[in-house]
Amino acid sequence: MNAPLILFVDPTEGARSQIARALLAHVAGPGFVVRSAGTQPGGRLDGVAEVLAEIGAPFRASRTPIGDFVSRPPDLLIAVCEEECPGCPYVPGARAVERMPFEDPAALSGNARMHALRAIRDTLQPKLMALATRMTG
């Protein structure tokens, strides 16, 4: 059986989906295939490596167009964009869809951006640990 594919999406595949992808890969281990994608990949990633390093989670940017998942739809698609996001990506055939919405920190800079990135990380970490436990148990 293939490892479950978990796909985090936001329109620009920016900080939100990249933090989520790195965190789940860190807490879940090798039993999952964890990716992120967006309809317009290219969102700002400054500060992401730093906030993940603070908790010992490795980070390497990964940009994937959403269309790459049409041939293998995810077992779980998790949208991390705002609740009313007009460009929220979706992959037809996703077996399950969840929302973990966050405001886009793209317009923030300096201390405000780092504070927002840490808040995303700290909110996601327990949710993703619970998700990994739920999917393996």
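Everything here concerns the structure above.
What this report covers is the structure whose coordinates are included nearby. (Residues numbered from 1 in each chain as written. Predicted model: local features only at pLDDT ≥ 70, side-chain atom pairs only at ≥ 80, totals over all residues. Heavy atoms only, no water.)

Notes on the side chain of arginine 16
Move 1: For arginine 16, the location among the structural elements is in helix H1 (residues 15–28).
Move 2: Overall, arginine 16 belongs to the buried group, its relative accessible area being 2%.
Move 3: Filtering out sequence-adjacent residues up to four positions away, arginine 16 remains in contact with Asp10, Pro11, Val80, Cys81, Glu82, Phe102, Glu103, Asp104, Pro105, Ile120 and Leu124. (Helix = DSSP H or I, 4+ residues; strand = E, 2+ residues; numbered from the N terminus. Buried < 20%, exposed > 50% of the residue type's maximum accessible area, 1.4 Å probe, protein only. Contact = heavy atoms within 4.5 Å.)

Some remarks on the environment of methionine 135
Move 1: Among the secondary structure elements, methionine 135 is positioned in helix H3 (residues 110–136).
Move 2: For methionine 135 and serine 36, which are 99 residues apart along the polypeptide, the C-alpha to C-alpha distance reads 18 Å.
Move 3: If we skip the residues at most four places from it in the chain, methionine 135 touches Pro4, Ile6, Phe32 and Leu76.

Looking at H1
Move 1: For H1, built from 14 residues, the straight-helix expectation of 20 Å at 1.5 Å per residue is met to within 8% by its first-to-last C-alpha distance of 20 Å.
Move 2: When you tally the buried positions in H1, you get ten out of 14 residues, the bulk of the element.
Move 3: Every buried residue of H1 is listed here: Ala15, Arg16, Ser17, Gln18, Ile19, Ala20, Arg21, Ala22, Leu23 and Leu24.
Move 4: In this structure, the buried side of H1 is in contact with strand E1 (5–9), strand E2 (33–37), helix H2 (48–53) and H3.
Move 5: Phi turns positive, to about 80 degrees, at glycine 29, one or two residues after H1. (Expected span 1.5 Å × (residues − 1).)

What to know about the environment of arginine 95
Move 1: Residue position: arginine 95 is located in the loop between strand E3 (76–79) and strand E4 (97–99).
Move 2: Sequence-wise, arginine 95 and aspartate 75 are 20 residues apart; in three dimensions their C-alpha atoms are separated by 4.9 Å.
Move 3: Contact partners of arginine 95, with chain neighbours within four places excluded, come to Pro74 and Asp75.
Move 4: A polar contact of 3.0 Å, which involves the side chain of arginine 95, links it to the side chain of aspartate 75. (Polar contact = N/O pair within 3.5 Å; in protein donor to acceptor, adjacent residues only side chain to side chain.)

Let's talk about the pairing of E2
Move 1: Bridge analysis of E1 against E2 gives five bridges, and the strand direction is parallel. Note on E2: the bridge partner recorded for phenylalanine 8 is serine 36.
Move 2: Where the polypeptide runs from E1 across H1 and back to E2, its parallel neighbour, the crossover connection is right-handed. (Pairing = 2+ DSSP bridges. Right-handed = clockwise from strand over helix to strand, strands pointing away.)

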